[in-house]
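These are the residues of each chain, in order.
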Amino acid sequence: MKAQIDAMSQHLEQLANQAAEVDRRRGEARAPLFATTLFHCKGKLLTPCVNEAQGLLAVMQRDHQQGVLTDARATHICDTLLSQITALQRELATQPLRKQEQAKRGPRRQAIGELYQDLAKHQDWERRLADKLRDANASVEMASTPAARQQYQKQVLALEQRLARCTKARERIETTISYREKKS
């Protein structure tokens, strides 16, 4: 039994390393990766799921060392661990396929409510940038030295560029909303 526990422990350690690498590259998923009947942690990353499996193995190892591990409990824990390890291996093995599918699908389509929230944010940013631009233009007019005037002119130019980008983004969002509302 000890040899099997050690082998499972080593295998879970390898899975932990692979999961950490995938989590670093991919980041958090939008939804839990596994059913709550399999992993209680509701993980959107792989690492917490591997940690849960390692914790279950530690419980089995502790019970075995204390001599309180019954055959029925050992069977239940082993079945659960086997299911968890299989699910983790499947998830890790399908990563390249998921990347290909995501590339084919393209970016996620925003809900219309999210688009309206983005529009409101951009409208607010645009208003604030316009206010800052007015203030910066007034500062150029009131500058007392050529060096100060030049500094304020740089600020004006930067603000004009930011305002233009913000306006373009707002117009793109408005176009998307208009298209989506006509379509539905």
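Not measured: the values here are computed from a predicted model. (Residues numbered from 1 in each chain as written. Predicted model: local features only at pLDDT ≥ 70, side-chain atom pairs only at ≥ 80, totals over all residues. Heavy atoms only, no water.)

## Side note on the pattern of salt bridges
Rules: In what follows, salt bridge is the name for a side-chain nitrogen of Lys or Arg lying within 4 Å of a carboxyl oxygen of Asp or Glu. Helix and strand assignments come from DSSP, with helices taken as H or I runs of at least 4 residues and strands as E runs of at least 2, each series counted from the N terminus. Relative accessibility thresholds used throughout: buried, under 20% of the residue-type maximum; exposed, over 50%; partly exposed, between the two (1.4 Å probe, protein chains only).
Following the criterion strictly, the structure yields 12 salt bridges and no others. A salt bridge links Glu126 to Arg170; its shortest N-O distance comes to 2.4 Å. In this pair, Glu126 is assigned in helix α5 (residues 112–142) and Arg170 in helix α6 (residues 146–183), connecting sequence segments 44 residues apart. Of the two residues examined, Glu126 and Arg170, each falls in the buried class. Taking the shortest distance from any N to any O, the salt bridge between Arg134 and Asp131 comes out at 2.1 Å. Here Arg134 and its partner Asp131 are both found in helix α5, 3 residues apart, which amounts to about one turn of the helix. Via salt bridges that share partners, Asp124, Arg127, Arg128, Asp131 and Arg134 belong to a single interconnected network.

## Re the packing of helix α1 (residues 2–26) against helix α3 (residues 71–93)
Working note: a packed helix pair is described by the angle between its axes plus the distance between those axes. Just so we agree on the cut-off: Note on definitions: angles span 0 to 180 degrees between N-to-C directions of axes, and those axes are lines fitted to C-alpha atoms, for helices only across the stretch in contact. Take the far helix as your reference; a near helix turned counterclockwise from it by less than a right angle gives a left-handed crossing, and one turned clockwise gives a right-handed crossing. Whether two residues are in contact is decided by their heavy atoms, any of which lying within 4.5 Å being enough. All residues other than Ala, Val, Leu, Ile, Met, Phe, Trp, Tyr, Cys, Pro, Asp, Glu, Lys and Arg, Gly among them, are scored as polar; the first ten of these are nonpolar and the last four charged.
The geometry of α1 relative to α3 is characterised by a closest axis approach of 11 Å and an angle of 35° between their N-to-C directions. The element α1 and its partner α3 pack so that their crossing is left-handed. The segment α1 lies against α3, with Met8, His11, Leu12, Leu15, Gln18, Ala19, Val22 and Arg26 engaging Cys78, Leu81, Ile85, Leu88, Gln89, Glu91 and Leu92. Its residues assigned to classes, the contact of α1 with α3 shows 10 nonpolar, 3 polar and 2 charged.

## Concerning the nonpolar core
The criterion, for reference: Side-chain atoms within 4.5 Å are what join buried Ala, Val, Leu, Ile, Met, Phe, Trp, Tyr and Cys residues into a set we call a nonpolar core.
Formed by 24 residues in total, the largest nonpolar core has its most connected members in Phe34 and Leu88. Filtering out sequence-adjacent residues up to four positions away, Phe34 remains in contact with Phe39, Leu46, Cys49, Ala87, Leu88 and Glu91. In this structure, Leu129, Val140, Val156 and Leu159 belong to the second largest nonpolar core, which totals 8 residues.

## Some points on the confidence of the model for the protein chain
Any residue range with low pLDDT should be treated as having predicted coordinates unsuitable for detailed reading. What counts, and what does not: The score called pLDDT rates the predictor's confidence residue by residue, from a low of 0 to a high of 100.
When pLDDT is averaged across the protein chain, the result is 89; 95% of the residues are at 70 or more. Element-level mean pLDDT values for the protein chain span from 69 in helix α4 (residues 95–105) up to 94 in α5.

## A few points about the packing of α5 against α6
Inclusion rule: Geometric relationships in this document are graded by angle, where less than 35 degrees denotes roughly parallel, more than 145 denotes roughly antiparallel, 65 to 115 denotes roughly perpendicular, and other angles denote oblique.
The contact between α5 and α6 brings their axes to 8 Å, and the two run at 160°. Between α5 and α6, the angle falls in the class roughly antiparallel. Once α5 is placed against α6, the crossing between them reads as left-handed. Classifying every residue of the contact of α5 with α6 by side-chain character gives 18 nonpolar, 7 polar and 11 charged.

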